[in-house]
Each structure stands twice: as C-alpha cells, then as structure tokens.
Amino acid sequence: MRWFQALLPREDRFFGYFIEHARLLLKASEALRELLAGGEGVPAACATIMRHEEAADEVTRTVMLTVRRTFITPFDRSDIRDLTTALDDAIDQMQKTAKSITLFGVKTFEPEMRELGDLAIQAAHLTLEATELLHDLGKNASRLNGIAEAVTRIENRSDEVYDAGMRALYQKCQDRPMEFIAGADIYDHLEKVIDRFEDVANTVSGILLEHL
C-alpha cells in the first residue's frame with residue numbers, strides 16, 4: 001500500500017498550514033511577552049493574543065476539513081491531526097493566560113513571569129523552524145531532532161523558573177493571599193504554555209520515528 005501511495009500525487013498544502021499556525025504562535029508569544037512587560041499596554045496585548053488565537057482556530061478548522069477531503073496526505077492523517085491539535089493547544093494556553101490576567105486585573109508582573117515569556121518566544125521560534133522543515137523529513141531529520149532537544153531544554157528551564165517564581169511569590173505575599181492566588185494562577189498558565197510547546201516538539205519527534 002505504501003508503494004502504491006508513493007506513486008500518487010500528495011496534497012502538500014498541509015505544510016503551509018503548519019507554518020501558518022506556527023507563525024501565529026510566534027506572534028501570540030510576542031504579544032504575551034509584551035503583556036508581561038505590564039503597564040497600560042496589558043489590555044491591548046491581551047486583545048492581540050485573542051485575535052491570533054481566533055486566527056489559529058480557523059487554520060485548525062481548515063486542516064481538519066482538508067484531512068477528511070484529501071485522498072493522499074504527506075503523512076498519516078492521525079499525525080496531521082495530532083500536530084495541528086498540539087499547535088492549537090499551545091496558542092489556546094496563551095489565550096487562557098491572557099484571560100486569567102484580565103480576570104485578576106494584574107498589570108505588574110514578576111521577573112520570573114517575564115522570563116517565562118522569553119522562553120515562550122524561544123520555543124515559538126524553534127516551532128516555526130520545525131514546521132518549515134517538515135516537507136522533507138529525511139533531509140531535515142537531524143535538525144528536527146535537535147529542535148526537539150532544544151525545546152526540551154527550554155521546558156526544563158521553565159520548570160526551574162516556575163519553582164523560583166513561586167517561592168519568591170510566597171515570600172512576598174504571605175499577608176496578601178489574594179495576590180498570591182492571582183500570581184500562582186498566572187505562573188501555572190505560563191508554565192503550561194511551555195509544556196504545550198514541548199508537546200508540539202514531541203509530536204514532531206513521533207512523526208519522525210514513524211516515517212524514517
């Protein structure tokens with residue numbers, strides 16, 4: 001069956017969808033970092049994240065519809081769905097972060113929160129690079145594996161930053177429980193943003209293992 005499929009034309013526009021999705025992730029992560037700078041720009045940054053998340057949802061809908069209507073896909077339909085879902089989960093988590101910040105009305109952020117924002121941007125750049133290499137898994141396997149390892153290192157660093165931030169927040173807010181609750185919720189969302197990027201990297205690694 002694989003030999004037969006190799007003789008048929010592939011539908012390669014999925015690669016463009018992956019790249020489009022990853023570019024929205026990068027834009028949303030940059031808006032998230034702007035948000036974490038604090039001040040009067042917080043509402044506008046939150047609104048920007050929401051717009052990018054809505055655009056990503058549209059890409060997701062298009063991919064899921066196209067998968068059902070396409071005979072020959074670049075790789076397995078389940079892999080296409082899994083990667084699209086992982087990309088969408090990452091930007092959804094950024095939206096959840098923005099919603100939490102809006103709910104609590106926070107406009108001042110801790111240094112560790114800003115560092116988590118920096119890590120999100122780094123992971124987003126790597127994710128975009130990975131999607132740009134997916135069109136040729138064989139040729140780009142080494143770099144794709146390197147990207148996955150780099151994202152894992154970023155996730156490990158995010159765990160360290162999260163722990164340090166939570167310790168500092170606890171010390172700072174011992175007599176201000178509501179401030180601690182708000183800060184802890186924001187930290188939790190930010191740390192999950194990095195986790196979702198690692199999910200994307202792990203999905204790409206799984207595709208490599210299956211197809212090479």
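This one's a predicted model, so the numbers in the text were calculated from it and none came from an experiment. (Residues numbered from 1 in each chain as written. Predicted model: local features only at pLDDT ≥ 70, side-chain atom pairs only at ≥ 80, totals over all residues. Heavy atoms only, no water.)

**Here we look at the overall build of the chain**
For step 1, the next point in the chain: Counting secondary structure elements, the chain contains seven helices and zero strands.
For step 2, the next point in the chain: Element order for the chain, N to C, with α for helix and β for strand: α-α-α-α-α-α-α.
For step 3, the next point in the chain: Here the C-alpha radius of gyration of the chain, 19 Å, is about what a compact globule of 212 residues would show, namely 17 Å.
For step 4, the next point in the chain: Each principal axis of the C-alpha distribution contributes one length, and for the chain these read about 70 × 30 × 20 Å.
For step 5, the next point in the chain: Across the 212 residues in the chain, those meeting the buried criterion constitute 50%.
For step 6, the next point in the chain: Restricting the contact set of the chain to residue pairs at least 6 apart, pairs at least 24 apart contribute 83%.
For step 7, the next point in the chain: Split by element, the accessible area of the chain, about 10,400 Å² in all, is 52% carbon and sulfur.
For step 8, the next point in the chain: Computing the positive centroid from 25 side-chain charges and the negative centroid from 37, the chain places the two 4 Å apart. (Helix = DSSP H or I, 4+ residues; strand = E, 2+ residues; numbered from the N terminus. Rg over C-alpha atoms; globule rule 2.2 N^0.38 Å. Buried < 20%, exposed > 50% of the residue type's maximum accessible area, 1.4 Å probe, protein only. Contact = heavy atoms within 4.5 Å. Areas by Shrake-Rupley, 256 points an atom, 1.4 Å probe, with all protein chains shown as cover. Lys, Arg positive; Asp, Glu negative; His and termini not counted. Charge placed at Lys NZ, Arg CZ, Asp CG, Glu CD.)

**Observations regarding a nonpolar patch on the surface**
For step 1, the next point in the chain: Residues Leu 103, Phe 104, Met 178 and Ile 181 make up a contiguous nonpolar surface patch of roughly 420 Å² in combined accessible area.
For step 2, the next point in the chain: Tracing the chain through its elements places Met 178 in helix H7 (residues 177-211).
For step 3, the next point in the chain: We classify Met 178 as exposed; its relative accessible area is 57%. (Patch = residues over 30% accessible without salt bridge, like charges linked within 9 Å, V, L, I, M, F, W, Y side chains within 5 Å. Salt bridge = Lys/Arg side-chain N within 4 Å of Asp/Glu carboxyl O.)

**Notes on the confidence of the model for the chain**
For step 1, the next point in the chain: Looking at the chain, the pLDDT average stands at 92 and 94% of residues meet or exceed 70.
For step 2, the next point in the chain: For the chain, per-element mean pLDDT is lowest for helix H1 (residues 2-6), which scores 44, and highest for helix H5 (residues 111-133), which scores 98. (pLDDT = per-residue confidence, 0-100.)

**Notes on the packing of aromatic side chains**
For step 1, the next point in the chain: Counted by the stated rule, this structure contains five aromatic pairs.
For step 2, the next point in the chain: Each ring, one from Tyr 162 and one from Tyr 187, has its centre 6.3 Å from the other, and the planes form 90 degrees; the classification is edge-to-face. Of the two residues, Tyr 162 sits in helix H6 (residues 137-172) while Tyr 187 sits in helix H7, which places them 25 residues apart along the sequence.
For step 3, the next point in the chain: The structure contains a cluster of three or more aromatic residues connected by ring pairs, namely Phe 15, Phe 18 and Phe 75. (Phe/Tyr/Trp six-rings, centres within 6.5 Å; stacked < 30°, edge-to-face > 60°.)

**Remarks on the packing of H5 against H7**
For step 1, the next point in the chain: Taken N-terminus to C-terminus, the directions of H5 and H7 make an angle of 15 degrees; their axes are 10 Å apart at the nearest point. Considered as vectors, H5 and H7 are oriented roughly parallel to each other. In this structure, H5 crosses over H7, and the sense of that crossing is left-handed. Touching Glu 112, Met 113, Leu 116, Leu 119, Ala 120, Ala 123, Ala 124 and Thr 127 of H5 are Gly 183, Ile 186, Tyr 187, Leu 190, Val 193, Ile 194, Phe 197 and Val 200, all from H7.
For step 2, the next point in the chain: Class assignment of the residues belonging to the contact of H5 with H7 gives a composition of 13 nonpolar, two polar and one charged. (Axes fitted to C-alpha atoms, helices over the stretch in contact; angles between N-to-C directions. Parallel < 35°, antiparallel > 145°, perpendicular 65-115°, else oblique. Left-handed = near helix turned anticlockwise from the far one by under 90°. Nonpolar A, V, L, I, M, F, W, Y, C, P; charged D, E, K, R; others polar.)

**With respect to the layout of surface pockets**
For step 1, the next point in the chain: Of the voids in this model, the second largest pocket is the one considered here, and its volume is about 160 Å³.
For step 2, the next point in the chain: Lining of the second largest pocket is provided by Val 106, Lys 107, Thr 108, Phe 109, Glu 110, Met 113, Leu 169, Lys 172, Glu 179, Ala 182, Gly 183 and Ile 186.
For step 3, the next point in the chain: Among the elements of the structure, H6 and H7 are those that each provide at least two residues to the lining of the second largest pocket.
For step 4, the next point in the chain: The element that contributes the greatest number of residues to the lining of the second largest pocket is H7, accounting for four residues.
For step 5, the next point in the chain: Considering only residue class, the lining of the second largest pocket consists of six nonpolar, two polar and four charged. (1 Å grid on protein atoms, 1.4 Å probe; cavity = no way out; pocket = protein on both sides within 12 Å on 5 of 7 lines; lining within 4 Å. Points joined across faces, edges and corners; volume = space filled by probe spheres on them.)

**Side note on empty space enclosed by the protein**
For step 1, the next point in the chain: Under the counting rule described, the total for this entry stands at one cavity of 30 Å³ or more.
For step 2, the next point in the chain: Of the voids in this model, the largest cavity is the one considered here, and its volume is about 50 Å³.
For step 3, the next point in the chain: Contributions of two or more residues to the lining of the largest cavity are made by H5, H6 and H7.
For step 4, the next point in the chain: Grouping the amino acids of the lining of the largest cavity by side-chain chemistry returns seven nonpolar, one polar and no charged.

**Description of the side chain of Glu 191**
For step 1, the next point in the chain: Looking at where Glu 191 falls in the secondary structure, it is placed in helix H7.
For step 2, the next point in the chain: Despite being buried, Glu 191 has no salt bridge partner; Lys 192 is the closest side chain of opposite charge, sitting 7.3 Å away.
For step 3, the next point in the chain: Apart from the residues lying within four places of it in its own chain, the contact partners of Glu 191 are Glu 155, Ser 158, Asp 159 and Tyr 162.

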